[in-house]
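Residue-level structure breakdown
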Amino acid sequence: MLKKIIYFCLSILLIFTFSIKITSSTTNIKNHKDLLYNIITNKNNTDILGTITINKIHLKNNLYNINDTRNNIEENVTILKESVMPDKDNSIIFLAAHSGTGKIAYFERLNELKINDIIKLKLKNKTYYYKIIEIFEKDKDGFIDISKTKENQLVLTTCSPSKKNKQLIINSTEKSS
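Conventions used here
- Residues numbered from 1 in each chain as written.
- Predicted model: local features only at pLDDT ≥ 70, side-chain atom pairs only at ≥ 80, totals over all residues.
- Heavy atoms only, no water.
- Helix = DSSP H or I, 4+ residues; strand = E, 2+ residues; numbered from the N terminus.
- Buried < 20%, exposed > 50% of the residue type's maximum accessible area, 1.4 Å probe, protein only.
- Contact = heavy atoms within 4.5 Å.
- Areas by Shrake-Rupley, 256 points an atom, 1.4 Å probe, with all protein chains shown as cover.
- Polar contact = N/O pair within 3.5 Å; in protein donor to acceptor, adjacent residues only side chain to side chain.
- Pairing = 2+ DSSP bridges.
- pLDDT = per-residue confidence, 0-100.
- Salt bridge = Lys/Arg side-chain N within 4 Å of Asp/Glu carboxyl O.

**Remarks on the overall build of the chain**
Along its length, the chain carries 2 helices and 8 strands. Of the regular secondary structure in the chain, the N- to C-terminal order runs α-α-β-β-β-β-β-β-β-β. Of all 177 residues assigned to the chain, the portion counted as buried reaches 36%. A fraction of 52% describes how many contacts in the chain between residues 6 or more apart in sequence connect residues 24 or more apart. A total of about 11300 Å² of accessible surface is found on the chain, and carbon and sulfur atoms cover 54% of it.

If you want it as structure tokens, here you go:
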């Protein structure tokens, strides 16, 4: 009920804003609609769990909680449900994203990474650095077979850019500060 009341009040505000800015461009009107949508659906930066940054391939993308609707491969880099977060002992985080082309191909340049490259992961205001220890491709069968090390791990996966029915897997371990 509260959501309906807020929606109604914000709709009135949107109409009022539109009537005041009648000479505004449609871009501004769209921005007001986006703001209204974000307020109603609670889509704002407070829901961001963290970010993944890989400087070598110019990647920086937000990560969302496993249960958040935006934690899906069609919108973002996705934390797979099998992940154990780095605030837990012996953690292993699995991140997946599209490669190829287009605005959701966040891992399109993942194949440019090499052993010893660094991946920065910021989660819940703590920063973790991972060093790549293994890069390989395997059949795309819905499973990722990784040898668990004693260190915390981060595993990135996407479709192989060169081989159909294969997936690229990048395995990394947490680097000591």
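We are not done yet, so read on.
**Focus: the side chain of Ser 99**
Structurally, the position occupied by Ser 99 is in the loop between β4 (92-96) and β5 (118-123). Taking the relative accessible area as the measure of exposure, Ser 99 reaches 18% and is therefore buried. Only 3.1 Å separates the side chain of Ser 99 from the backbone oxygen of Cys 159, close enough to count as a polar contact. Excluding residues within four positions of it along the chain, Ser 99 makes contact with Ala 105, Phe 107, Glu 108, Thr 158 and Cys 159.

**Comments concerning the pairing of strand β6 (residues 126-139)**
Judged from the 6 bridges that link them, β5 and β6 form a sheet pairing that is antiparallel. By the bridge assignment for β6, Leu 121 is matched with Tyr 128. Where β5 hands over to β6, the hairpin turn is made up of 2 residues, of which Lys 124 adopts a positive phi near 50°.

**Describing the confidence of the model for the chain**
In the predicted model, the chain carries a mean pLDDT of 79, and the fraction of residues at 70 or more is 73%. When the criterion is pLDDT under 50, residues 1-44 qualifies, and its contacts beyond four places in sequence or with other chains add up to 19 contacts.

**Some words on the pairing of β4**
Counted residue by residue, β4 has 5 buried out of 5 residues, so it is predominantly covered. Burial along β4 is two-sided: Ile 92, Phe 94 and Ala 96 and Ile 93 and Leu 95, pointing in opposite directions, are all buried. Bridge count for strand β3 (residues 78-79) against β4 is 2 bridges, and the pairing is antiparallel. In the strand pairing of β4, Thr 78 is matched with Ala 96. Note that β4 and strand β7 (residues 153-159) share 5 bridges and pair parallel. From the neighbouring strand, Phe 94 faces β7, where its bridge partner is Val 155.

**Focus on the pattern of salt bridges**
Close approach of charged atoms allows side chains of opposite charge to pair. Taken as a whole and judged by the stated rule, the model has 9 salt bridges. For Glu 112, the salt bridge is made with Arg 109, and the minimal N-O distance between the two is 2.8 Å. Given a relative accessible area of 33%, Glu 112 falls into the partly exposed group. According to the relative accessible area criterion, Arg 109 is partly exposed, its value standing at 27%. The residue Asp 139 makes a salt bridge to Lys 166 at a minimum N-O spacing of 2.8 Å. Note that Asp 139 is positioned in strand β6 and Lys 166 in strand β8 (residues 166-174), a separation of 27 residues in sequence.

**What about the sheet that holds β8?**
Spatial ordering of the open sheet is given by β2-β1-β5-β6-β8-β7-β4-β3, a layout of 8 strands whose pairing is mixed. Two strands close off the open sheet at either side, each with one partner strand: β2 (59-64) and β3. Sheet topology note: the β7/β8 ladder contains 7 bridges and is antiparallel. When the bridges of β8 are listed, Thr 158 appears paired with Leu 168.

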